[in-house]
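Survey of secondary and tertiary structure
Residues per chain are reported as follows:
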Amino acid sequence: MWFDETYTLALIRHDYGDIIRILKSDMHPPLYFVSLKLFCELFGYSMEVTKIFSILGYEGSLLLGITLIRKHFGHRTAFFYLLITGAVPMNFYFSVQQRSYSWSFCFVALCFVSALLVLQHHKPHYYILMTAGGLLAGYNHIFSLLAVGLVFLFLNVYTLIRERKQLWKLLLADLAMVLGYLYWLMPLLMQTRAAAQNFWQDGPDPYSISSFVFGILVCAVLLIKPQNRSRTIAFAMVCVLGIQAIGLGVTFLYKPLYIARYGAVIMGIFCLMTAIGLTAFSVRTQKIVCAVLTAMLVISYAYAAYLEYNPSAGDFLSRNSQRISGTDTFLYTDSAFGIAAYYFPDNPHLSTENESWYEAFGNVDCVTREEALRLTKDKPVWYIRFAGKKLPGYIQDHFRYERLDTFTCDLNSFEFYRLEQK
């Protein structure tokens, strides 16, 4: 696990009202967390159950491929959609994350596919399906809301210019979307304001830049074929590149607020766009791409499995279980408390860093540095921090310290210290 996953596991232990209240001070809409809590109440609170819930979102994306996509875009497009969905490393990785990304992938893809069917058929049930997918996506993740916002924006502009007779149907869908999201509109505005002031990112995320460049290259290759210079491909490109361009634009012009993993929400659109585009190429080219994608799928699966079953944290617990008693205190100066608070739920946990949404961790007390010194006086103290940074002056000034161990959870590495007050 990593910190955000431990946040999920801590948050769903609260009652529904508290979940909503805590999320209003964070950057997350409530649907994923409320749904996950309900799922756990039915099947049990465990790591396996919470990960299965994420897998169901991933399976929903695949189900979309063998139903709506296969029916309306053909078997070959559906086949490539499924294969690309597996081959993109990010998708396997997020399919077992205890976060909202797999479900966001599913809901945004549903909204987009329904929007394509609206353009083709203008039938009422496709408008309903598009609006439902849009609302589910919007209540699942902020960048999912932005993605479906681009879907609706493109659809409105195109309909206004080319198919004005159908505009009244779309305006009804617009109205339903706005009314349906009114409940979370004010918390969203407050969250955006808070994020602009307190977001943790220090600078542009290099992975988000490389992902954007890769998306541009894929689009350029698809456009080689005249058949791909179509309304459908243009619609997909606006959504795929648009959300990244907006995120990077805000990052460079105002404040770093966009990271690569937020792009996971539009991966369903990217996979469908690429699948449709591939059908325009020769059969020989399709076979070569199929072989490459199959190899990528195996590699992606292996990489995700390596991260999920990395034994580092378990080995750390085995090495240090005899050292740590149930009454020892853990001290933190950054958000590393999420990992230890999960693995040592009954120990006292003190953090000198404080954010409003830390309230989700019911067994972590946010204290001042002076309070931390008082509460750890003459007691065994363990200090866990993110690796790779200089030891804070607060620790160096007030404690004798000894680094005993390191361990890795997911993509994060931690250092483990024994502290003793001077």
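These remarks concern the structure in this document. In this convention, every chain numbers its residues from 1, walking through the sequence in written order. Given that this is a predicted model, residues contribute local features only at a pLDDT of at least 70 and side-chain atom pairs are listed and counted only at 80 or more, while totals for whole chains, interfaces and linings are drawn from all residues. Calculated side-chain values reflect all of the structure's heavy atoms, with hydrogen atoms and water omitted.

Focus on the overall build of the chain
Secondary structure elements are defined from DSSP: runs of H or I of at least 4 residues count as helices, runs of E of at least 2 residues count as strands, and each element is numbered from the N terminus. Across its full length, the chain carries 18 helices and 6 strands. Radius of gyration here is computed from C-alpha atoms only, and the compact-globule reference equals 2.2 Å multiplied by the residue count raised to the power 0.38. The C-alpha atoms of the chain give a radius of gyration of 24 Å, which matches the 22 Å a tight globule of 422 residues would have. Each residue is placed in one exposure class: buried if its accessible area under a 1.4 Å probe, protein chains only, is under 20% of its type's maximum, exposed if it is over 50%, and partly exposed if it falls in between. Counting the 422 residues in the chain, one finds 54% classified as buried. The contact criterion used is simple: two residues touch if any of their non-hydrogen atoms lie within 4.5 Å. Within the chain, contacts between residues at least 6 apart in sequence are counted, and of these 70% link residues at least 24 apart. Taken together, the 35 basic and 30 acidic charged side chains of the chain have centroids lying 14 Å from each other. Within this scheme the basic residues Lys and Arg register as positive and the acidic residues Asp and Glu register as negative, but His and the chain ends are omitted. Think of each charge as sitting on NZ of Lys, CZ of Arg, CG of Asp or CD of Glu.

Details of helix H11 (residues 206–222)
Helix span is expected to be 1.5 Å times the residue number reduced by one. For H11, with 17 residues, the first-to-last C-alpha span of 25 Å sits near the 24 Å given by 1.5 Å per residue. Regarding H11, the residues found buried are Ser208, Gly215, Val218, Cys219 and Leu222. Down the axis of H11, the buried set is contained in an arc of 95 degrees. They therefore lie on one face. Summarising the geometry of H11, the exposed residues directed more than 90 degrees from the buried face are Pro206 and Leu217. Note: the arc covers the axis-to-C-beta directions of the helix.

Section: the sheet that holds strand S4 (residues 381–386)
For sheets, the rule is that strands pair by backbone hydrogen bonds, running either parallel or antiparallel. Paired strands, in this sense, are two strands between which DSSP finds at least two bridges. If you walk across this open sheet you meet the 6 strands as S3-S2-S1-S4-S6-S5, and the pairing is mixed. Only two strands of the sheet have a single neighbouring strand rather than two, namely strand S3 (364–366) and strand S5 (399–409). Neighbour-to-neighbour, the strand axes of the sheet open up by a mean angle of 25 degrees, direction not taken into account. Here strand S2 (residues 349–351) pairs with S3 via 3 bridges, running parallel. Within the sheet, the bridge partner assigned to histidine 349 lies in S3 and is valine 364. Structural elements are reduced to axes, namely lines fitted to C-alpha atoms, with helices fitted over the stretch in contact, and the angle between N-to-C directions of any two is expressed from 0 to 180 degrees.

Notes on the pattern of salt bridges
When the charged atoms of two side chains with opposite charge come close together, those side chains can pair. We define a salt bridge as a side-chain nitrogen of Lys or Arg found within 4 Å of a carboxyl oxygen belonging to Asp or Glu. A full pass over the atoms with the stated rule returns 13 salt bridges. In this structure, the salt-bridge partner of lysine 51 is glutamate 308, at a minimum N-O distance of 2.9 Å. A residue pair is termed long-range when its members are at least 10 positions apart, and lysine 51 in helix H4 (residues 47–73) and glutamate 308 in helix H14 (residues 283–308) qualify at 257 residues. Judged by its relative accessible area of 11%, lysine 51 is buried. Glutamate 420 is paired through a salt bridge with arginine 400; the nearest N and O atoms lie 3.5 Å apart. Pair noted here: glutamate 420 is in strand S6 (residues 412–421) and arginine 400 is in strand S5, with a separation of 20 residues, a long-range link. Classification of glutamate 420 as partly exposed rests on a relative accessible area of 47%. By relative accessible area, arginine 400 is classed as partly exposed at 45%.

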